[in-house]
Protein chains: 2
Amino acid sequence: MSNGRQSSMADVAQRAGVSMATASRALNGSPGVAETTRERVFLAAQELAYVVSPEASRLARGTTRRVAVVVPHISRWFFAAMLEGVEGVLREAGLDVLLYHVGDCEDRRDFFDRLPARRKVDAVVVLAFPVDEHEQRRFQLMGVDIVAAGGQHATYPYVCIDDEQAGRQAMDHLLFLGHERIAMIAAVDPDQPAALQQGRSDAYYAALGDAGLPVDGQLVVTVDWGGAEGATAMDRLLSLRNPPTAVYAHSDEVALGAIRSLRRAGLSVPEDVSVIGIDDHPVAELVDLTTVRQPVEVQGEIAGRIVVDLLSGQAAQKSVTVPTQLVVRGTTAPPRGARQRA
Amino acid sequence: MSNGRQSSMADVAQRAGVSMATASRALNGSPGVAETTRERVFLAAQELAYVVSPEASRLARGTTRRVAVVVPHISRWFFAAMLEGVEGVLREAGLDVLLYHVGDCEDRRDFFDRLPARRKVDAVVVLAFPVDEHEQRRFQLMGVDIVAAGGQHATYPYVCIDDEQAGRQAMDHLLFLGHERIAMIAAVDPDQPAALQQGRSDAYYAALGDAGLPVDGQLVVTVDWGGAEGATAMDRLLSLRNPPTAVYAHSDEVALGAIRSLRRAGLSVPEDVSVIGIDDHPVAELVDLTTVRQPVEVQGEIAGRIVVDLLSGQAAQKSVTVPTQLVVRGTTAPPRGARQRA
DNA sequence: AACACGAACGGAAACGTTTCCATCCCTACC
DNA sequence: GGTAGGGATGGAAACGTTTCCGTTCGTGTT
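Within each chain, residue numbers correspond to sequence positions counted from 1 in written order. All chains are assigned letters beginning with A, and all ligands numbers beginning with 1, in the order in which they are written. Selection of residues for local features in this predicted model requires a pLDDT of at least 70, selection of side-chain atom pairs for listing and counting requires 80 or more, and totals for whole chains, interfaces and linings are taken over all residues. With hydrogens and water set aside, each side-chain value is computed from the structure's full complement of heavy atoms.

A. Looking closely at the packing of aromatic side chains. Residue and element names in this part refer to chain A. Two rings from Phe, Tyr or Trp (for Trp, the six-membered ring) form a pair when their centres are within 6.5 Å of each other. A pair whose planes differ by under 30 degrees is stacked, one over 60 is edge-to-face, and the rest are tilted. This structure, assessed with the given rule, holds 16 aromatic pairs over all chains. Here the aromatic rings of phenylalanine 111 and phenylalanine 112 are separated by 5.2 Å at their centres, their planes lie at 90°, and the arrangement is edge-to-face. Residue classification places phenylalanine 111 among the buried positions, given a relative accessible area of 4%. Residue phenylalanine 112 is classed as buried on the basis of its relative accessible area of 3%. Their ring planes at 80° and their centres at 5.2 Å tell us that tyrosine 204 and tyrosine 205 sit as a pair that is edge-to-face. Burial classification: accessible surface area is computed with a 1.4 Å probe over protein chains only, and a residue below 20% of its type maximum counts as buried, one above 50% as exposed, and the rest as partly exposed. Its relative accessible area of 0% is what places tyrosine 204 among the buried residues. Owing to a relative accessible area of 38%, tyrosine 205 belongs among the partly exposed residues under this scheme. Clustering of aromatic rings is evident, with ring pairs tying together Tyr100, Phe111, Phe112, Phe139 and Tyr156. Against the face of tryptophan 225 rests arginine 76, its NZ or CZ located 3.7 Å from the ring centre. Only lysine NZ and arginine CZ atoms are considered, and such an atom sits over a ring when it is within 6 Å of the ring centre and within 35 degrees of the ring normal.

B. The arrangement of unusual backbone geometry in detail. Residue and element names in this part refer to chain A. For the bond running from valine 269 to proline 270, omega is 5°, close enough to zero to count as cis. By the criteria applied, helices consist of DSSP H or I runs no shorter than four residues and strands consist of E runs no shorter than two, each listed in order from the N terminus. If you trace the backbone, proline 270 turns up in the loop between α11 (252-264) and β9 (274-279). Phi is positive for alanine 128, which is not a glycine, with a value near 45°. Relative to the helices and strands, alanine 128 is located in the loop between β3 (123-127) and α7 (133-142). A residue is classified by how much of its surface remains accessible, and alanine 128, at 3% relative accessible area, is buried.

C. Structural view of the pairing of strand β1 (residues 66-71) of chain B. Residues and elements named next belong to chain B. Buried residues dominate β1, accounting for six of its six residues. Burial along β1 is two-sided: the face carrying Arg66, Ala68 and Val70 and the face carrying Val67, Val69 and Val71 are both buried. By this definition, two strands are paired if DSSP reports at least two bridges between them. Two strands pair when backbone bridges link them, and β1 and strand β2 (residues 96-101) are joined in this way by six bridges, in the parallel orientation. Bridge pairing in β2 places valine 71 opposite histidine 101. Crossover handedness for the path β1 to helix α5 (residues 77-92) to β2: right-handed. Relative to strand β3 (residues 123-127), β1 runs parallel, the two sharing four bridges. Directly across from valine 69, in β3, lies its bridge partner valine 125. When the strands point away from the viewer and the connection leading from the first strand across the helix to the second strand turns clockwise, the crossover is called right-handed.

D. Summary view of the interface of chain A and chain B. Working rule for contacts: check all heavy atoms of both residues, and any pair within 4.5 Å makes them a contact. Each partner contributes residues to the interface: chain A has 48 residues there, and chain B has 48 residues. For the pair chain A and chain B, the summed buried surface comes to about 4700 Å²; carbon and sulfur atoms form 56% of the total. One side-chain nitrogen of Lys or Arg within 4 Å of one carboxyl oxygen of Asp or Glu is enough to make a salt bridge. Inspection of the chain A/chain B interface yields 10 salt bridges. For arginine 264 of chain B, the salt bridge goes to aspartate 288 of chain A, with nearest N and O atoms at 3.1 Å. When residues of the side of chain A that touches chain B are traced back to their parent elements, those giving at least two are α4 (54-61), α5 (77-92), β2 (96-101), α10 (227-238), α11 and α12 (282-286) of chain A. Ranked by residue count, the leading element in the side of chain A that touches chain B is α5 of chain A, at seven residues. Buried area: the accessible area, evaluated with a 1.4 Å probe, that two parts lose upon being put together, summed over both parts.

Right, here's the structure in full:
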């Protein structure tokens, strides 16, 4: 079926009876080629099942048509969804995406030491991935555009949500329901420099302050990101003399873990304790979890579009903040006291 | 900090006082270079912050050091986890990963028509992605190694689980608990040629047969993959005059949806109805879902290793089947009748 | 002392495009 | 009718490596 050798552009040119220069122009859609000639070239190319050698083309052109996407946790929904968004628009634009998983600190050091993407891509997008100063300097060495998604970033064009506002939406919902003793389970990624989700914590204190409620340090527990960790945190909160009536978790996974702990303790959600998360993870709908939705895939798409604009030379918008939205489901309700009072 | 131009190998050679041929050999670790010379070259390269131009190198070498990973649904845990596994070992081996999301049928047609990865990669791995005959012929055109992961595939080396056995483990568990009226919610991917999860369905009938139980067609419902669809399916089952006492779902997400329907109907799990899934999705643990675990990331890793072996010339093992394992949690229990009887 | 041999190295031809520049020819305008 | 101008084309120089050969030189053998 396939004859052994890949045919080269010279073959195409010869078959079409033109020079390589013309063949190249014809195939690339460059101007200055007669329409009939162009057709002849295309026909020849098709007959030979010809495809350009990307290496040669890129070597000559000096551009790679490739962009690196670096992501800390591929298998977590948040990152995967974002990745899906980015990939979609990049593929649409004819750009190839090179995937780099940079998980733990060691990966991270290795990545910035070796810079494996260097000279391989025209741009890189970092997903929810704070970059410290040293790393910025390394990036600079690559001499390509950088855009950030899902984690605010002053240095590069970015797209993200307003974490503090998202947190406020969650907290205000609990406050509106009448809760006064609200715990926060703050999730941090152990493999990343912190300060990413600071906004979500700020919201907690601000909301309490605005509501005139005191802050009880015991009600704040910080854990590594993850469902199991959320459960542990909830256990800790349940060991208090005066446990909370509501829990604000930094993410849906953490919230899920908290709910498991509550159920195992024989408490029911939301009758005994309300729980709210952030993200609107797909399973949130399946388990009736109240949460604050952020459009994850959309953020990826926007990041992708910024990259495309940047590469096509047009000045892209520097950064975008997408809105979040409270989604009330079945894990939040007024506290028992309030209900009885009503 | 960075002087404008990327330095080329010629610069390195000159600075080290050798020819380009020697510089190239030194940098690649090829034999036939004196140790002192090699050091001198490395030093020069480092001083100039030199990195080879991958395009040029690959053009000359004729190999790309890149492999394509094509995946139908990036943001679903199963695929993302597998991707993470593949990426890990490929990156370890110094191979770059080119990501291709091929979701719906249109993507699919486009992918195989245009073959965008053609001449860009040395191998491609398809994740849970049945390839029909026409598509196989297109792949052949690429002239590279193909390996399949997560979906059995006769044509290419593959890694997967034994779907029928996994299904048997789930069904046998329900049967062991004493259930006799067991429903199956079969999930199919609307964007893919079916026949992928056939084994999971086979298991249902085989298990019932071995247990001497009759098959009730009403107890089998087939839906598109997804949690919401699982809920719908459960609704249908609940509308029967004589609903099942246990539900065997083809995947955890579907099982989760089923559980939501049950809860909304006022039934409790597992007291009224038992539910079991397949996969051991991370949230399964958080919601206490009984399931059959399959090692997803490991499958990706194995697929990656097969690719690496293939590319390094050593004959790799043709295919691998990894074991699955029942994980009993809180959504399965003996049926009410059995309990009362006991 | 002549010779063979191997290690280290350099020259230069690939690899397959893109693109600058020159050439040719045809049309339109004076 | 001559010439300027522009559209279509071809020649050939990049792009930056790798690698095939050939050369040189030092060492060990007879």
